[in-house]
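Inside the fold
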Amino acid sequence: MGRLPPGQRRIEGFPRFGSHLSRPAPVVPDDPVIELRGAVTEEFDLPLAALAALPRTEITADFHCVAGWTATDLRWEGVSFATLYRAVIEPALPPGTTITHVRCRGLDGWESVVTIDDAMADDVLIALNLGGRPLDSDHGAPVRLVSPGQYGYISVKHLSRIEPLATAPANTEGPLLRSHPRARVWAEERHGLVPGRVVRPFYRLFIRPIRILSARGGITRRR
Ligand SMILES: Nc1nc2c(c(=O)[nH]1)N[C@H]1C(S)=C(S)[C@@H](COP(=O)(O)O)O[C@H]1N2
Ligand SMILES: [Mo]
């Protein structure tokens, strides 16, 4: 897809990546739901079947990990976050509530926080399919968030909870690997405290070990 954001390098294929290292991907429940929590009037669970029945969108986009690799031309299909928000989340809020942030969580406990403006961007979706096939466990089954304009750590795999929030949540991450509140790839917002250009070489060191460990927990190598 042409130009890459600053400090990114193209890689072949699309590795399984993340904090799970050598653990296998979480088991998908028989009747998966997305838990709606946070500022909603009453908490509820949205069955994935109901999500899948909403109007679909398709995007083709590059995927940029903060460590410095970019997987190119991935074709995702799913429900745009804005569609889900307007159809399901907004009607469940107390009248007059202003949502500023959204927190997403995966079955493995991974979390990310985005501003509502970033979440509502045209290319942000809850993906059900990748490359025309249902998401596999490597890439976030049964559904994942995909926000191509932000570093990969925002794009929560195995999405199981969405929390609309009326105030910015306190950042509980330690200073070393603190995420950026916007994490926009073109602005190189890699880190919450240190400029992107400065952390680049440090983050790059993670690519090899994480790829090796992560592949061991992936479906392709599971014994
Ligand atoms: N649930 C969950 N989502 C996650 C992660 C994770 O460890 N668990 N890692 C994040 C990071 S750092 C990246 S780069 C991408 C990697 O996505 P992939 O494994 O499909 O390549 O997932 C993001 N979402
Ligand atoms: Mo990442």
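Residues numbered from 1 in each chain as written. Chains lettered and ligands numbered in written order. Predicted model: local features only at pLDDT ≥ 70, side-chain atom pairs only at ≥ 80, totals over all residues. Heavy atoms only, no water.

**What to know about the site of ligand 1**
Taken together, 21 residues sit near ligand 1, with Pro15, Asp108, His139, Arg144 and Lys157 positioned nearest. Within the side chain of arginine 144, one N or O atom sits 2.8 Å away from an oxygen atom of ligand 1. For ligand 1, a nitrogen atom lies 3.0 Å from a polar atom in the backbone of serine 155. For ligand 1, whose accessible area on its own is 540 Å², the fraction buried by protein is 98%. When atoms are counted within 2 Å of each cavity's grid points, the one that captures over half of ligand 1 is the largest pocket. (Near = heavy atom within 4 Å. Polar contact = N/O pair within 3.5 Å; in protein donor to acceptor, adjacent residues only side chain to side chain. Areas by Shrake-Rupley, 256 points an atom, 1.4 Å probe, with all protein chains shown as cover. 1 Å grid on protein atoms, 1.4 Å probe; cavity = no way out; pocket = protein on both sides within 12 Å on 5 of 7 lines; lining within 4 Å. Sits in = over half its atoms within 2 Å of the grid points.)

**Looking at the side chain of serine 160**
Take serine 160: it is sitting in strand β11 (residues 159-165). A distance of 3.5 Å separates a polar atom in the side chain of serine 160 from the backbone nitrogen of leucine 107. (Helix = DSSP H or I, 4+ residues; strand = E, 2+ residues; numbered from the N terminus.)

**A short note on a nonpolar patch on the surface**
Residues Leu176, Leu177, Phe202 and Leu205 make up a contiguous nonpolar surface patch of roughly 420 Å² in combined accessible area. Note on phenylalanine 202: relative accessible area 32%, which makes it partly exposed. (Patch = residues over 30% accessible without salt bridge, like charges linked within 9 Å, V, L, I, M, F, W, Y side chains within 5 Å. Salt bridge = Lys/Arg side-chain N within 4 Å of Asp/Glu carboxyl O. Buried < 20%, exposed > 50% of the residue type's maximum accessible area, 1.4 Å probe, protein only.)

**Things to note about the layout of surface pockets**
Roughly 1200 Å³ of internal volume is contained in the largest pocket. Lining of the largest pocket is provided by 45 residues; of these, Trp110, Glu111, Tyr153, Glu173 and Ser179 occupy positions nearest its centre. Listing elements by their share of the lining of the largest pocket, those giving two or more residues are β6 (101-106) and β7 (111-115). If one sorts the elements of the lining of the largest pocket by residue count, β7 sits on top with three residues. Broken down by class, the residue content of the lining of the largest pocket amounts to 22 nonpolar, 15 polar and eight charged. (Points joined across faces, edges and corners; volume = space filled by probe spheres on them. Nonpolar A, V, L, I, M, F, W, Y, C, P; charged D, E, K, R; others polar.)

**Here's the deal with the pairing of β6**
Both β6 and β7 contribute to a ladder of five bridges, which runs antiparallel. Each residue of the ladder has a partner; that of arginine 103, found in β7, is valine 113. From the end of β6 to the start of β7, which pair antiparallel, there are four residues, and glycine 109 there has a positive phi angle of about 95°. Both β6 and β11 contribute to a ladder of six bridges, which runs antiparallel. (Pairing = 2+ DSSP bridges.)

**Thoughts on the side chain of serine 155**
Take serine 155: it is sitting in the loop between β10 (144-146) and β11. Look at serine 155 and you get buried, because its relative accessible area is 4%. Polar contacts involving the side chain of serine 155 include one to the main-chain amide nitrogen of serine 147, which spans 3.0 Å. Residue contacts for serine 155: discarding those within four places in its chain leaves Phe63, Arg144, Leu145, Val146 and Ser147. (Contact = heavy atoms within 4.5 Å.)

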